[in-house]
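Below, each chain spelled out in residue letters.
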Amino acid sequence: MNENVFDDPRITAVGLLVEAHAGLTARFTAQYEEHDLSAVEFEVLMRLARSPGNQLRMTDLAAQTSLSTSGVTRVVDRMERDGLLRRRACPSDRRSSYAVVTPAGMQRLDETLPGHLRIIEQWFTGQLEPETLAAMLDGLRRVRDAVHPGATAGSTDQAPTDEPASAC
């Protein structure tokens, strides 16, 4: 094997991405725990809060989080017991249901986000010039869309209504 392969910039790029992710994740995890949330619970709350009507179909939530449908069911069950989410049946398709953020879930996010944003600013976006950040975001979106095409599933749909004619 060519020894220069270890200096390949592709390996360096992935290594830096993994190291940055690990460092940020450690900081985020400690901050989530202060608010009695796991990283997955925070992600679920954020994805729902950023979606139309603060809700997503369970299948879209699974696609966005890279969890299996049974994994999403377990997380939503736990969060529903904690009062952070509720399920809403789809009126036009009994096989489909929505996970919806409750007022208590939005309050938990409101309490968590200031610290989360401080960490992001201090350890990520604040380390980059605005032009560098814009280019990085563009690049990350392209990579994300290539490796995880379902990452935005359901997030641009209209908020469903309770009317029987709504599509689920």
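These figures come from a predicted structure and were not determined experimentally. (Residues numbered from 1 in each chain as written. Predicted model: local features only at pLDDT ≥ 70, side-chain atom pairs only at ≥ 80, totals over all residues. Heavy atoms only, no water.)

What about the sheet that holds strand E2 (residues 85–89)?
What counts, and what does not: If DSSP finds at least two bridges between two strands, the strands pair. A run of H or I in DSSP becomes a helix once it reaches four residues, and a run of E becomes a strand once it reaches two; helices and strands are each numbered from the N terminus. Convention adopted: a line fitted to C-alpha atoms gives each axis, helices being fitted over their contacting stretch, and angles between N-to-C directions are expressed from 0 to 180 degrees.
Here we have three strands laid out as an open sheet, ordered E1-E3-E2, and antiparallel in their pairing. In the strand order of this sheet, the two ends are held by strand E1 (55–57) and E2, each with one partner. Direction aside, neighbouring strands of the sheet carry axes that sit 25 degrees apart on average. Sheet topology note: the E2/strand E3 (residues 97–101) ladder contains five bridges and is antiparallel. Bridge assignment links arginine 88 to a residue of E3, and that residue is tyrosine 98.

A look at helix H3 (residues 58–65)
Selection rule: To sort residues, take the accessible area from a 1.4 Å probe on protein chains only and compare it with the maximum for the residue type: under 20% means buried, over 50% means exposed, and anything in between is partly exposed. When checking whether two residues touch, look at their non-hydrogen atoms; a contact exists if any pair is within 4.5 Å.
Burial within H3 is extensive, with six of its eight residues counted as buried. Those residues of H3 not exposed but buried are Met58, Asp60, Leu61, Ala62, Gln64 and Thr65. Where the residues of H3 are buried, they touch helix H2 (39–49), E1, helix H4 (69–81), E2 and E3. Following H3 by one or two positions, serine 66 adopts a phi angle in the positive range, close to 65 degrees.

Comments concerning the UniProt feature "domain: HTH marR-type" (unreviewed entry) in the chain
Applied cut-off: UniProt positions are given in the numbering used here, feature names are shortened, and annotations may be inferred rather than shown by experiment.
Listed under "domain: HTH marR-type" (unreviewed entry) in the UniProt record, and renumbered for this structure, are residues 10–145. Between the end C-alpha atoms of residues 10–145 there is a gap of 19 Å, over a span that is 69% helix and 10% strand.

A closer look at the pattern of salt bridges
Operational definition: What makes a salt bridge here is a side-chain nitrogen of Lys or Arg within 4 Å of a carboxyl oxygen of Asp or Glu, nothing more.
A complete count under the given rule lists nine salt bridges for this structure. Here arginine 57 makes a salt bridge to aspartate 60, at a shortest N to O gap of 3.0 Å. Residue classification places arginine 57 among the partly exposed positions, given a relative accessible area of 24%. Overall, aspartate 60 belongs to the buried group, its relative accessible area being 9%. Of the charged contacts in the structure, one is a salt bridge between arginine 95 and aspartate 93, with a shortest N-O distance of 3.0 Å. The exposure class of aspartate 93 is buried, given its relative accessible area of 17%.

Quick word on the nonpolar core
Using the following cut-off: Note on terminology: a nonpolar core comprises buried Ala, Val, Leu, Ile, Met, Phe, Trp, Tyr and Cys residues joined through side-chain atoms within 4.5 Å.
Ranked by size, the top nonpolar core spans 23 residues in total, and within it Val44, Leu45, Leu48, Leu61, Val76, Met79 and Leu85 carry the most contacts. At the level of secondary structure, the elements contributing two or more residues to this core comprise helix H1 (9–34), H2, H3, H4, E3 and helix H5 (103–123). Element by element, the count of residues in this core is highest for H2, at five residues. Once residues within four sequence positions are removed from consideration, methionine 79 is found in contact with Glu41, Val44, Leu45, Leu84 and Leu85.

What to know about the side chain of threonine 112
Put simply, the rule reads: By the criterion applied in these results, polar contacts are pairs of N or O atoms within 3.5 Å in which, for protein atoms, one can donate a hydrogen and the other can accept it, and in which residues neighboring in sequence qualify only through two side-chain atoms.
With respect to the secondary-structure elements, threonine 112 resides in helix H5. Looking at threonine 112, its side chain comes within polar contact range of the main-chain oxygen of arginine 108, at 2.7 Å. Setting aside residues up to four positions removed in sequence, threonine 112 forms contacts with Gln31, Tyr32, His35, Leu37 and Phe42.

Observations concerning H4
Within an α-helix, residues lying three or four positions from one another point in the same direction, as the helix has 3.6 residues per turn. Under the convention used in this document: Expected span, for any helix, means 1.5 Å times one less than how many residues it has. This arc corresponds to the set of directions leading from the helix axis out to the C-beta atoms.
Taking 1.5 Å per residue, 13 residues should reach 18 Å; H4 reaches 18 Å between its end C-alpha atoms and fits that length. Of all the residues in H4, the buried ones are Gly71, Val72, Val75, Val76 and Met79. What you see down the axis of H4 is that its buried residues fit within an arc of 125 degrees, all on one side. In H4, the exposed positions angled more than 90 degrees off the buried face are occupied by Thr69, Arg74 and Arg81. Summarising the contacts, the buried residues of H4 are in contact with H2, H3, E2 and E3. Taken from the residues just after H4, glycine 83 is the one with a positive phi, measuring 80 degrees.

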